[in-house]
Amino acid sequence: GFLTKLEMRQLAESLNGAAADTVEIDPERLTSVESAEAVSGLGIKAPALMLADLRFDHVALMNYGPYATNAGEMMIALLYTGQPVGDGRTYKFLFMQTFNPTNTLESLALAGGYEETVVNSQPAIYRQDCWDTTSTGGDAACRQFLTWFENGVQYDVEVYLPASLPKDTVIAIAESAR
């Protein structure tokens, strides 16, 4: 797990006895898509399909209010997590939406290692990185990335699992977003 900025501030206040009088909504750990829509004022999509071993954890408004970085751009991340494994890692599926994005598919593809594909009839890029360092005491895992733009929104999927999903499965989950 991690502490959000609000949770860190609340912890510091509890340690020094100077607690704030206000109750705040934590934009980094919202418990539903509906609450994220209410706070952001945006229509947020969520996958209708998900892997059986992963569950919805929270929504994070990454560029909200005091957390904003790029003028007009807001990234919203839906996190689905699995059970932690013995070494503390938690497998995850991130479904991210960036409203008013400053990136383009072409500029993102410049990082290399991507293959062209299609999501919802839109051009997309896909990448898979896997490793197996178990022979030297490390781990085996894969990260998969899928990005496309639709109706002025940048969509990103990041998957971190002990093995790769078929690319078609990643795309099917992405295309199920409603």
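Residues numbered from 1 in each chain as written. Predicted model: local features only at pLDDT ≥ 70, side-chain atom pairs only at ≥ 80, totals over all residues. Heavy atoms only, no water.

**Some points on the pattern of salt bridges**
A side chain of one charge can pair with a side chain of the opposite charge when the charged atoms of the two come close. The cut-off we apply is this: Salt-bridge detection follows one rule: a side-chain nitrogen of Lys or Arg within 4 Å of a carboxyl oxygen of Asp or Glu. Exposure categories follow from relative accessible area, calculated using a 1.4 Å probe and restricted to protein chains: below 20% of the type maximum is buried, above 50% is exposed, and the middle band is partly exposed.
Across all of its chains, the model carries five salt bridges by this definition. With its nearest N and O atoms 3.0 Å apart, the salt bridge here joins R127 to D129. With a relative accessible area of 24%, R127 lands in the partly exposed category. In the salt-bridge network here, residues are joined through shared partners; they are K92, R143 and E158.

**Notes on helix α2 (residues 33-40)**
Under the convention used in this document: The helix and strand labels rest on DSSP assignments: H or I over at least four residues marks a helix, E over at least two residues marks a strand, and numbering proceeds from the N terminus. To obtain the arc, one takes the directions from the helix axis to the C-beta atoms.
Of all the positions in α2, only V33, A36 and S40 are classed as buried. Within α2, the buried residues cover an arc of 60 degrees as seen down the axis, which keeps them to one side. Along α2, exposed side chains directed more than 90 degrees from the buried face belong to E34 and A38. Following α2 by one or two positions, G41 has its phi on the positive side, about 75 degrees.

**Quick word on the nonpolar core**
Selection criterion: As used in this record, nonpolar core signifies buried Ala, Val, Leu, Ile, Met, Phe, Trp, Tyr and Cys residues forming a set joined through side-chain atoms within 4.5 Å. Residue contacts follow a heavy-atom distance rule, with two residues in contact if any of their heavy atoms lie within 4.5 Å.
Of all hydrophobic cores here, the largest spans 34 residues; its most connected members are I76, L78, F93, F95, L146, W148 and V157. Elements with a contribution of two residues or more to this core: α2, β1 (55-61), β2 (74-84), β3 (90-99), β5 (122-132), β6 (140-150), β7 (153-161) and α4 (167-175). Of the residues forming this core, the biggest block, six residues, is contributed by β7. If we ignore the near neighbours within four places in the chain, the residues touching L146 are T117, V119, A124, I125, Y126, Y155, D156, V157, V170, I171 and A174.

**Considering the environment of V170**
Mapped onto the fold, V170 is located in helix α4. Overall, V170 belongs to the buried group, its relative accessible area being 1%. Taking the C-alpha atoms as reference, V170 lies 8.9 Å from F145; in sequence the two are 25 residues apart. Those residues within four positions of V170 in sequence are excluded, and the remaining contacts are Q144, L146, V157, V159 and L165.

**Considering the state of the cysteines**
Stated precisely, the cut-off is as follows: Note on terminology: pairs of cysteine sulfur atoms within 2.5 Å are recorded as disulfides.
For the coordinates displayed, the defined rule picks out one disulfide. Covalently, C130 is tied to C142 through a disulfide, its sulfur atoms 1.9 Å apart. Every disulfide takes its handedness from the sign of the S-S torsion; for C130 and C142 that torsion is 115 degrees, giving right-handed. Taken together, the positions of C130 in strand β5 and C142 in strand β6 put the pair 12 residues apart, joining distant regions of the chain. Looking at C130, the relative accessible area reads 42%, which means it is partly exposed.

**A few points about α4**
For α4, the full list of buried residues reads V170, I171, I173 and A174. Considered in projection along α4, the buried side chains sweep an arc of 160 degrees and stay on one side of the axis. Where the residues of α4 are buried, they touch β3, β4 (115-119), β6 and β7.

**Side note on the side chain of S176**
Structurally, S176 is set in the segment after α4. Taking the relative accessible area as the measure of exposure, S176 reaches 6% and is therefore buried. Leaving out residues up to four positions away in the same chain, S176 has contacts with A46, P47, A48 and L49.

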